[in-house]
Amino acid sequence: MLLKTPDTMSSAEQDEGTPVSVKIRERLVAARRRFHSNDNIADFIKPGELDQLLDEVEGKLKGVLESMVIDTDGDHNTHNTARRVAKMYLREVFNGRYVQAPSITEFPNVEHLNELMIVGPITVRSACSHHFCPVIGKIWIGVMPNEHTNVIGLSKYARLAEWIMGRPQIQEEAVVQLADLIQSTTQPDGLAIVMQASHYCMAWRGVKDLDSKMINSVMRGAFLKDPNLLRVFRFVVDRPDATLLVRQALLNPVAAESSFMQLRAGGSTQIVHGERLE
């Protein structure tokens, strides 16, 4: 009986026994694509391979638990922990690495809308890439469209944010990734994003400070050039419960000042003209 050598084996036979993670990694390397913790690698995963990857990760996690001297065979609480954690990582909290971007329906700006639109606060969840501890917070997105800007549904901003945050992240890079994605999708005149989040790598471990939060932002286009536009956006972020007359604030800042003062004092203001932002 002749033994097959690698030269005489089919590609399928050579692949047999090769971990699926190795196959995916080889494709990424061949394409010279980066595969950091917050990169999406869905283009390099073939149908069915995500299930195989889940099995592989489960096996590796069993080894981790064994090395931690946990009797997963005798301990009913951790008997299936490796499987649960593998499924959580690949199918839930880090799903943004392994699936394609959500389908976004775009509409032409038929009405030539050019008023400030703010979406938020959007609740986002991620995990820090340093310790894999939760990062939980909120994001506000401000868009200044033009007549050529693609219009997308409000819920799509939340879905895009969820896709970007569904990876091991650091907050500074996550906000830039989200800004790049929205910028390329909608092509607005201005884009502003603010994120505020609690980091459990700081609350659960280390200094164990439960009250600290991180706030960072990305400002592009009109938000860098128009101080009043930026002022209105920041005011809404600071007072997300306020009903704000955006067009009045942009076209007549002096008249809007009394409304701002009333809001700061805990009052409310009604829209005189233009659209309402809630």
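Relevant structure appears above.
One structure accompanies this document, and this report is about it.

How each quantity is defined
Residues numbered from 1 in each chain as written. Predicted model: local features only at pLDDT ≥ 70, side-chain atom pairs only at ≥ 80, totals over all residues. Heavy atoms only, no water. Pairing = 2+ DSSP bridges. Helix = DSSP H or I, 4+ residues; strand = E, 2+ residues; numbered from the N terminus. Contact = heavy atoms within 4.5 Å. Axes fitted to C-alpha atoms, helices over the stretch in contact; angles between N-to-C directions. Parallel < 35°, antiparallel > 145°, perpendicular 65-115°, else oblique. Left-handed = near helix turned anticlockwise from the far one by under 90°. Nonpolar A, V, L, I, M, F, W, Y, C, P; charged D, E, K, R; others polar.

1. Topic: the pairing of strand β2 (residues 117-128)
Part 1 of the reasoning: In terms of strand pairing, β2 meets strand β3 (residues 134-144) through 9 bridges, oriented antiparallel. Bridge pairing in β3 links Thr123 to Lys138.
Part 2 of the reasoning: Linking β2 back to β3 in an antiparallel pair, the connection comprises 5 residues, with Phe132 at a positive phi of about 60 degrees.
Part 3 of the reasoning: As paired elements, β2 and strand β5 (residues 168-169) share 2 bridges and run parallel to each other. By the bridge assignment for β5, Cys128 is matched with Gln169.

2. Some thoughts on the sheet that holds β5
Part 1 of the reasoning: With respect to topology, 5 strands assemble into an open sheet ordered β5-β2-β3-β6-β7, the strand pairing being mixed. Of all strands in the sheet, those bounded by a partner on one side alone are β5 and β7 (214-221).
Part 2 of the reasoning: In this sheet, strand β6 (residues 190-199) lies alongside β3 in antiparallel orientation, the contact comprising 10 bridges. If you follow Ile141 over to β6, its bridge partner there is Ile193.
Part 3 of the reasoning: Contacting β2, β3, β5 and β6, helix α6 (residues 154-165) runs over the sheet at an angle of about 20 degrees to β2.

3. Quick word on the packing of helix α3 (residues 49-67) against helix α4 (residues 81-93)
Part 1 of the reasoning: Interhelical geometry of α3 versus α4 gives an angle of 135 degrees and a closest axis separation of 8 Å. One way to sum up the angle between α3 and α4 is to call them oblique. The two elements α3 and α4 cross, and the hand of that crossing is right-handed. On the side of α3, the interface is formed by Leu50, Asp51, Leu53, Leu54, Asp55, Val57, Glu58, Leu61, Lys62 and Leu65, while α4 contributes Thr81, Ala82, Arg83, Val85, Ala86, Lys87, Leu90 and Arg91.
Part 2 of the reasoning: Across the contact of α3 with α4, the residue classes tally to 10 nonpolar, 1 polar and 7 charged.

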